[in-house]
Amino acid sequence: MTTPPPAAEHLLGISRHAYYLGLHQLGRDACERGARMELLPEMQSALMRNRVWYTRTFHEAFPGADDYLAIDVVPYRPYWVALNPSVAFHGSTMIAVVRQTNYRVDGWDYRMLEDGPEGAPPSWSPTAPLRNAASIVSFHLGVGAIQYDLPDPPYRRSDHPIHGPEDYRILPLGDGSYQLSGTVLDAADAGPPLARIGVCRYVPGAAQPLTPMIVPPEPFEGRNEKNWMPLEGCPGRFIYAAWEDGHAATVELDGDRWVVRSHAKAPPIARDLRGGSQAIRCCDLWLAIVHECVNLDSGRVYEHRFVAWDDELEMVGITDPFRFMREPGIEFAAGLAVCGHNPDWLVVSYGMRDREARVSTVPIRSVLKALRGPWEHRLAPFSDGGIAHAWL
């Protein structure tokens, strides 16, 4: 595409000026309509940057959403932080797998915790190895939280400076065990040092609670692979991309390799969507939380959306972007589940500032009513057009 649609320049202008006039819904709608068009990359980037002014918080965007609950995790080692939890339910018990790590983010830079000489406090270094661990935290009604630190999953390691799987997603397998999938950079048999997805099984109470991790080569040679979204009830199968060559795509484990399959045509708004939570079954739809990354002069900003697909993986609804934090910054939602003791509610788990692990709840009805059509001609909320009535 060499020229933008005639309305695009006007939408960009509205996205700038509406903020100063206090017309925030107008500015928000201009950004959303532009996101549904085929735009030049620089114009799309400008709209996304302007959109940050208008993005609402999770509680503003979804009426009835509850306050967050911090997941208190005993540090794996002193000064380590917990972040990016993923959640599932076993009956009324909520199971969270929480990443722990030794880094912090300063602006655009990562600083890793490095042990000092004997008796000296540790220091933060940009060149020290980045290390990952994970803990299972179970929330039992009337009992409270129980923490279990996972052992390192069995796989042959390289000397890559990033150690261990990152940002597990947890998926119940129906027999009391769980699929865990995460990003791996230090698998010795994986070839060049690219991010790949590793999969293993967690069996609570077993002598060896983690099965050996399978880390196949990336399905497209030379790509870093992160944030695939496991499909509930489909072990070894993931939403690979909301947009892959103009279509939604899944990936499925076939022995020791990944097989990518193309599905329904994807709308332009899907181009910048990146994975987040699991894709769960909700009201006969696949429902997930995705994220978009906006690069501002002050640093990266992460914003999220709920997305709904039908059984053919045609995108049928998408919410406006939202943030968990009031101030723009780094946040990441890695978990979504229907609440085990109240099936009218969703539980969302997320990390904030790469140093906090939290969960919030939201009525399913509130999320469904906020879905809009993903194509330009269906921008109005579904609740206005009648299409959501079959779900509510």
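See the structure shown above.
Residues numbered from 1 in each chain as written. Predicted model: local features only at pLDDT ≥ 70, side-chain atom pairs only at ≥ 80, totals over all residues. Heavy atoms only, no water.

**Notes on the nonpolar core**
Okay, so step 1: Formed by 26 residues in total, the largest nonpolar core has its most connected members in Phe-58, Phe-306, Leu-346 and Val-348.
Okay, so step 2: Broken down by secondary-structure element, the contributors of at least two residues to this core are α4 (58-61), β18 (280-282), β19 (285-296), β20 (299-309), β23 (331-338), β24 (345-352) and α5 (364-370).
Okay, so step 3: Counting residues per element, this core draws most heavily on β24, which supplies four residues.
Okay, so step 4: In this structure, Ala-266, Ala-279, Trp-286 and Met-315 belong to the second largest nonpolar core, which totals 19 residues. (Core = buried A, V, L, I, M, F, W, Y, C linked by side-chain atoms within 4.5 Å. Buried < 20%, exposed > 50% of the residue type's maximum accessible area, 1.4 Å probe, protein only. Helix = DSSP H or I, 4+ residues; strand = E, 2+ residues; numbered from the N terminus.)

**Section: the sheet that holds strand β7 (residues 123-125)**
Okay, so step 1: If you trace the three strands from one edge of the open sheet to the other, you get β5-β6-β7, paired in antiparallel fashion. Edge positions in the sheet fall to β5 (103-106) and β7, since each of these pairs with one other strand and no more. Sheet twist, expressed as the average angle between the axes of neighbouring strands with direction ignored, equals 35°. (Pairing = 2+ DSSP bridges. Axes fitted to C-alpha atoms, helices over the stretch in contact; angles between N-to-C directions.)

**Considerations on a nonpolar patch on the surface**
Okay, so step 1: A contiguous nonpolar surface patch, about 360 Å² in accessible area, is contributed by Ile-14, Leu-21, Leu-23 and Leu-26.
Okay, so step 2: Mapped onto the elements of the fold, Leu-21 is located in the loop between α1 (6-20) and α2 (24-35). (Patch = residues over 30% accessible without salt bridge, like charges linked within 9 Å, V, L, I, M, F, W, Y side chains within 5 Å. Areas by Shrake-Rupley, 256 points an atom, 1.4 Å probe, with all protein chains shown as cover. Salt bridge = Lys/Arg side-chain N within 4 Å of Asp/Glu carboxyl O.)

**Comments concerning the pairing of β20**
Okay, so step 1: When you tally the buried positions in β20, you get eleven out of eleven residues, the bulk of the element.
Okay, so step 2: In textbook terms, the turn of a hairpin is the stretch between consecutive antiparallel strands, and for β19 and β20 this stretch comprises two residues.
Okay, so step 3: For β20 and strand β21 (residues 315-318), the ladder comprises three bridges, and the chain directions are antiparallel. Its bridge partner lying in β21, Ala-308 is registered against Gly-317.
Okay, so step 4: Counted along the chain from β20 to the antiparallel partner β21, the turn is five residues long, and its residue Leu-313 has a positive phi close to 60°.

**Quick word on the packing of aromatic side chains**
Okay, so step 1: With the rule as written, the count across this model stands at 22 aromatic pairs.
Okay, so step 2: Arranged with centres 5.2 Å apart and planes meeting at 45°, the rings of Tyr-19 and Trp-53 form a pair that is tilted. Separated by 34 residues along the polypeptide, Tyr-19 in helix α1 and Trp-53 in the loop between α3 (41-51) and β1 (56-57) bring together distant segments of the chain.
Okay, so step 3: Judged by centre distance (5.6 Å) and plane angle (50°), the rings of Phe-58 and Phe-322 are tilted. In this pair, Phe-58 is assigned in helix α4 and Phe-322 in strand β22 (residues 322-323), connecting sequence segments 264 residues apart. The same class applies to Phe-58 as to Phe-322, namely buried.
Okay, so step 4: Linked through ring pairs, Phe-58, Phe-62, Phe-306, Phe-322, Phe-324 and Tyr-350 together constitute an aromatic cluster.
Okay, so step 5: Sitting over the ring of Tyr-155, Arg-157 keeps its end group 3.9 Å from the ring centre.
Okay, so step 6: Across the ring face of Trp-286, the terminal group of Arg-281 is positioned such that the distance to the ring centre comes to 4.7 Å. (Phe/Tyr/Trp six-rings, centres within 6.5 Å; stacked < 30°, edge-to-face > 60°. Lys NZ or Arg CZ within 6 Å of the ring centre and 35° of its normal.)

**Looking at the pairing of β5**
As a general feature of sheets, a regular strand has side chains that alternate between the two faces.
Okay, so step 1: Only one face of β5 is covered, namely the face carrying Tyr-103 and Val-105; the face carrying Arg-104 and Asp-106 is uncovered.
Okay, so step 2: Sheet topology places β5 next to strand β6 (residues 109-114); four bridges connect them, and they run antiparallel. Opposite Asp-106, over in β6, you have Asp-109 as the bridge partner.

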